[in-house]
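Topology and contacts: notes
Chain by chain, the residues:
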Amino acid sequence: MRTVFMVAEKPSLAQSIAKILSKGKYNNWDKVDPAELFSKAPTEKKEANPKLNMVKFLQVEARGCDYVVLWLDCDKEGENICFEVLDAVQPVMNQGGGVTRVYRAKFSSITDTDIWNAMNGLGCPNKNEALSVDARQELDLRIGCAFTRFQTKYFQGKYGNLDSSLISFGPCQTPTLGFCVERHDKIQSFKPETYWVLQAKVYKGKEPPLMLQWSRGRVFDREVGQTFVNLARSGEDAVVESVSKKEKSKQRPQALNTVELLRVASSALGIGPQHAMQIAERLYTQGYISYPRTETTHYPENFDLKGTLKQQSSHPVWGEEVKMLLSAGMNHPRKGSDAGDHPPITPMRAASEAELGSDGWQLYEYITRHFIATVSPDCKYLQTTISFTLGCEAFTCEGKTLISAGYTAVMPWQGIPVEEALPVCTRGDTFSVDEIKLVEKHTNPPDYLTEAELITLMERHGIGTDASIPVHINNICQRNYVTVESGRKLKPTNLGIVLVHGYYKIDAELVLPTIRSAVEKQLNLIAAGKANFHQVLQHALDIFKRKFHYFVDSIMGMDELMEVSFSPIAESGKPLSRCGKCHRFMKYIQAKPSRLHCSHCDDTYSLPSNGAIKLFKELRCPLDDFELVLWTSGARGKSYPLCPYCFSNPPFRDMKKGVGCNECSHPSCQHSLNSLGIGQCVECENGVLVLDPTSGPKWKMACNKCNVVVHFFEQAHKVQIAPESCDTCDAALVAVDFNKSRSPLPAGQTQYTGCVFCDQVFRDFVELKHATMRHPMHRGGAPRRGRGRGRHGNPKKPKDKMAALAAYFV
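Notes on the structure in this doc start here. (Residues numbered from 1 in each chain as written. Predicted model: local features only at pLDDT ≥ 70, side-chain atom pairs only at ≥ 80, totals over all residues. Heavy atoms only, no water.)

Notes on the overall build of the chain
Scanning the chain for helices and strands turns up 21 helices and 25 strands. A globule of 810 residues ought to have a C-alpha radius of gyration of about 28 Å, yet the chain, at 35 Å, is considerably larger. Judged by the C-alpha coordinates and their principal axes, the chain covers about 115 × 75 × 65 Å. Across the 810 residues that make up the chain, the buried fraction comes to 45%. The long-range share in the chain, meaning contacts at least 24 apart out of those at least 6 apart in sequence, stands at 66%. When the accessible area of the chain is evaluated, it comes to approximately 41800 Å², of which 50% is carbon and sulfur surface. Averaged over its 98 positive side-chain charges, the chain has a centre that lies 6 Å from the centre of its 88 negative ones. (Helix = DSSP H or I, 4+ residues; strand = E, 2+ residues; numbered from the N terminus. Rg over C-alpha atoms; globule rule 2.2 N^0.38 Å. Buried < 20%, exposed > 50% of the residue type's maximum accessible area, 1.4 Å probe, protein only. Contact = heavy atoms within 4.5 Å. Areas by Shrake-Rupley, 256 points an atom, 1.4 Å probe, with all protein chains shown as cover. Lys, Arg positive; Asp, Glu negative; His and termini not counted. Charge placed at Lys NZ, Arg CZ, Asp CG, Glu CD.)

Below you can see the structure in the form of structure tokens.
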């Protein structure tokens, strides 16, 4: 491929030319066919947070260095980051002739021993593992973007109550949702059956009665059940046929890995998977636990179990159990599986709840108790079973007696429950019969999947990794595909159900776990150096590209399901403002994402989210004749007018999509930034404080970028922006007109014009919210010029029509 280098005189001109020639590149949902994202669109790696300037920081630190040692997380994702760091720093390092200058440190915990061991055993970063992550990221990006763009555009333009701002698809996310909907379908299709069981109650002397279990279990015919009742009643007493006693044990747990930690966090601690991983990562970086992302449940042979256990011997909560365990001798842990990644999750040092906080302590406590349990004895108990005959029918009664608590001393929730002791009896003894009855029962449907059950299914089917499983579950919740009910059960929404049923109807492999599991196996082959990165990537993309085209051609199958559950957009909402094209009323749709829809023109216009929308004085935009609407975040918050058409279709090149009149660069409109802008924001770098013309009599100005709100001139009759600017700070002057009876101005004045930042008369009338009031000119040093209302020099109002016309196009 040949590359063309283009040069422009100014950055703004270069950006405009690039934007025009590239037609918005591949980020424009309206101009780019989603199918092109499978092959034509190149991929780029960019900093997640550009403001950190991490690449530049790394280059500054690495300049002139001879060696680099990489201490990244020791998993495939960490290996991938190793090469991202190398791409940034190697060009600026000293180049040595053929000498290895890159080293990789492998460690599982942040302790003196582990860190020194890693430093003394430096290796090299694994390129194959990094490539497997690149392949997964590119696959998920291309597939997810293509399907998400298509179905979001298609369905949001047709239905008004989808209640989702993004109808996303993901190669892992969608099968995850599929598991939840599959359980929902089983619940809906479940038909309860009636069955009957025999219940018998017997007693001996003055001892408590025993409830006996019928050996046949249950019957599904009442008459048959009644026959068995008659047979059981044919004898006068219950006769003991046998008494068996057997010593049993409850095995101590295997070492803890990530998936088990997430399961327990959700089911027992009530902490969601995403939050649990955030807490675990914090505990790891603070040195309290070992690396929390691991698939291994087997301690390595050189793992210092005794030393790790000794650290907990003085702990006020479980220290006594640890001391007893150390004196009696630790048990060898159960054999688990070694995935070859990291040792199991273990505590690295003792900690208290005061150190860790509530959630941190909950997770740390479980990790520590689990570790102690893995080297504790098994729990032992005696199980007693008494067999009876009542007439011709057999019944049993069971009881458990604890012999030794073992590991359940430190994990008491898994202990043997205390039961009333069974009576002492031998074969041939008789018990009096209190009652024999036939009880009617019904089969019950399964419950909705819990997060813990979903994690198990994802692990079993190879959907996601220990690192990404929490992310996929969190995504289906955020997308409004499922809701988290009590007990952390996942109940699919109408949208989630319809999407999965639609995928099944068009192409079941889009939602079944089989194809993703097969892709994961191919990615693992890349990591092991047994498959070619480009071949695996291209093969998977070819498969999904064909599936995408078939999905697009068959979308009516899903649309038919959507029609049953959701209302057409033309039938949704309530009339609010007039369309600038046909001058008919458009309907305001409040469901996420909020929109205005003109049913006559069949056009839909986006609106800002997380606020209220109302008509703005029936005023119209001078550019397109659409009626303006007012967005507000609350009585004491921000508000600004906007044109529905301009909000979705920016009229000027310097305007971004999704901005209101407070950011519009129209040179003469009374609602634009040029007319109402006052000065640079007192807190953020790029914002401008803009007068809110609707806020009187509690007047305010608000930043058009951040959440800063400045209240001023309360009870003033009128507040206007004057044509002049402050000589000191370049901010626009403000003209205030107070009512004569309420004027706070000196000497009974009612009108005054000045700078809200510099004028001594105004300073007592200005109150800042959400930030500390400091204007740039008061931050020390010389005042900065050219930072007035419009951020581009000091944009005065055009003096004539030609100047106004030039402002539109330049």
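As for the pattern of salt bridges
Tallied over the full model, the rule gives 27 salt bridges. As a salt-bridge pair, glutamate 281 and arginine 293 come within 2.1 Å of each other at their nearest N and O atoms. Residue glutamate 281 is found in helix H9 (residues 273–285), and its partner arginine 293 is found in the loop between H9 and helix H10 (305–310); the two are separated by 12 residues along the sequence. Using a relative accessible area of 14% as the deciding quantity, one classes arginine 293 as buried. Among the salt bridges present, the one from arginine 369 reaches glutamate 365, with a minimum N-O distance of 3.1 Å. Taken together, the positions of arginine 369 and glutamate 365, both in helix H12 (residues 353–374) and four residues apart, correspond to about one turn of that helix. Since its relative accessible area comes to 13%, arginine 369 is described here as buried. The partly exposed category is assigned to glutamate 365, whose relative accessible area is 22%. Counted as one network, the salt bridges with shared partners bring together Glu77, Arg136, Asp140, Arg516 and Glu520. (Salt bridge = Lys/Arg side-chain N within 4 Å of Asp/Glu carboxyl O.)

A closer look at the packing of helix H3 (residues 76–89) against helix H5 (residues 127–156)
Where H3 meets H5, the axes come as close as 8 Å, and the angle between the chain directions of the two elements is 100°. With respect to their mutual orientation, H3 and H5 come out roughly perpendicular. Contacts between H3 and H5 involve Lys76, Glu77, Glu79, Asn80 and Phe83 from the former and Lys127, Glu129, Ala130, Ser132, Val133, Asp134, Arg136 and Gln137 from the latter. Classifying every residue of the contact of H3 with H5 gives three nonpolar, three polar and seven charged. (Axes fitted to C-alpha atoms, helices over the stretch in contact; angles between N-to-C directions. Parallel < 35°, antiparallel > 145°, perpendicular 65-115°, else oblique. Nonpolar A, V, L, I, M, F, W, Y, C, P; charged D, E, K, R; others polar.)

Here we look at H3
Helix length check: H3 (14 residues) gives 20 Å between terminal C-alpha atoms against 20 Å at 1.5 Å per residue, within 8%. Regarding H3, the residues found buried are Gly78, Glu79, Asn80, Cys82, Phe83, Val85, Leu86, Ala88 and Val89. At its buried positions, H3 is contacted by helix H2 (54–62), strand S1 (68–70), strand S2 (102–104) and H5. (Expected span 1.5 Å × (residues − 1).)

Some words on H9
With 13 residues, H9 extends 18 Å from end C-alpha to end C-alpha; this agrees with the ideal 18 Å at 1.5 Å per step. All of the buried residues in H9 are Pro273, Ala276, Met277, Ile279, Ala280, Leu283 and Tyr284. Considered in projection along H9, the buried side chains sweep an arc of 165° and stay on one side of the axis. Of the surrounding secondary structure, the elements contacted by the buried residues of H9 are helix H8 (258–267), H12, helix H13 (451–461) and helix H14 (469–478). Residue glycine 287 follows H9 closely and has a positive phi angle near 85°. (Arc of directions from axis to C-beta.)

Notes on the sheet that holds strand S22 (residues 716–725)
An order of S22-S23-S24 is seen for the three strands of this open sheet, with the pairing classed as antiparallel. Among the strands making up the open sheet, the edge pair consists of S22 and strand S24 (751–754). Each strand of the sheet is rotated relative to its neighbour by a mean of 20°, with strand direction disregarded. Direction of pairing for S22 relative to strand S23 (residues 732–738): antiparallel, over a ladder of six bridges. Bridged to valine 719 within S23 is valine 736. (Pairing = 2+ DSSP bridges.)

A closer look at the sheet that holds strand S14 (residues 603–606)
Within the open sheet, the four strands sit side by side as S11-S12-S13-S14. Their pairing is antiparallel. At either end of the open sheet lies a strand with only one pairing partner, and these are strand S11 (574–578) and S14. Averaged over all pairs of adjacent strands, the angle between strand axes in this sheet comes to 35°, irrespective of strand direction. Relative to strand S12 (residues 585–589), S11 is paired through three bridges, and the arrangement is antiparallel. From the neighbouring strand, proline 575 faces S12, where its bridge partner is lysine 587.

Section: a nonpolar patch on the surface
A grouping of Leu52, Met54 and Phe57 is seen on the molecular surface, where their side chains present a nonpolar patch of about 300 Å² in accessible area. On the secondary structure map, methionine 54 appears in helix H2. (Patch = residues over 30% accessible without salt bridge, like charges linked within 9 Å, V, L, I, M, F, W, Y side chains within 5 Å.)

Here's the deal with the pairing of strand S10 (residues 489–492)
Along S10, the buried face is formed by Leu490 and Pro492; none of Lys489 and Lys491, which line the opposite face, is buried. Bridge count between strand S9 (residues 482–485) and S10: four bridges; the pairing is antiparallel. Across the sheet, residue threonine 483 finds its bridge partner in S10, namely lysine 491. The turn linking S9 back onto S10 is made up of three residues, and glycine 487 within it adopts a positive phi angle of 80°.

A look at the environment of asparagine 707
Counting through the fold element by element, asparagine 707 comes out in the loop between strand S20 (700–703) and strand S21 (709–712). When the C-alpha atoms of asparagine 707 and threonine 174 are compared, they prove to be 36 Å apart, with 533 residues separating the residues in sequence.

A short note on the nonpolar core
The biggest cluster of nonpolar side chains holds 102 residues, and the ones touching the most others in it are Ile289, Tyr364, Leu454, Phe551 and Met562. Considering every element that reaches this core, the biggest residue donor is H12, with nine residues. If you look at the next biggest cluster of nonpolar residues, it comprises 36 residues, including Trp699, Cys706, Phe713 and Leu733. (Core = buried A, V, L, I, M, F, W, Y, C linked by side-chain atoms within 4.5 Å.)

Quick word on the packing of aromatic side chains
Taken as a whole and judged by the stated rule, the model has 30 aromatic pairs. Seen from their ring centres, phenylalanine 147 and phenylalanine 551 are 5.4 Å apart, and the 55° between their planes marks the pair as tilted. Of this pair, phenylalanine 147 sits in helix H5 while phenylalanine 551 sits in helix H17 (residues 533–553), and the two are 404 residues apart along the sequence. Since its relative accessible area comes to 0%, phenylalanine 147 is described here as buried. When its relative accessible area of 0% is taken as the criterion, phenylalanine 551 is described as buried. By the ring-pair criterion, three or more aromatic residues cluster together here, those being Phe38, Phe147, Phe150, Tyr154, Phe155, Tyr159, Phe169, Tyr503, Phe548 and Phe551. Taking NZ or CZ as reference, lysine 127 lies 4.5 Å from the ring centre of phenylalanine 83, over its face. The ring of tyrosine 288 carries the charged tip of arginine 349 above its face, separated from the ring centre by 4.1 Å. (Phe/Tyr/Trp six-rings, centres within 6.5 Å; stacked < 30°, edge-to-face > 60°. Lys NZ or Arg CZ within 6 Å of the ring centre and 35° of its normal.)

Brief notes about the side chain of serine 743
By the element assignment, serine 743 lies in the loop between S23 and S24. Only 2.3 Å separates the side chain of serine 743 from the backbone oxygen of glutamine 749, close enough to count as a polar contact. (Polar contact = N/O pair within 3.5 Å; in protein donor to acceptor, adjacent residues only side chain to side chain.)

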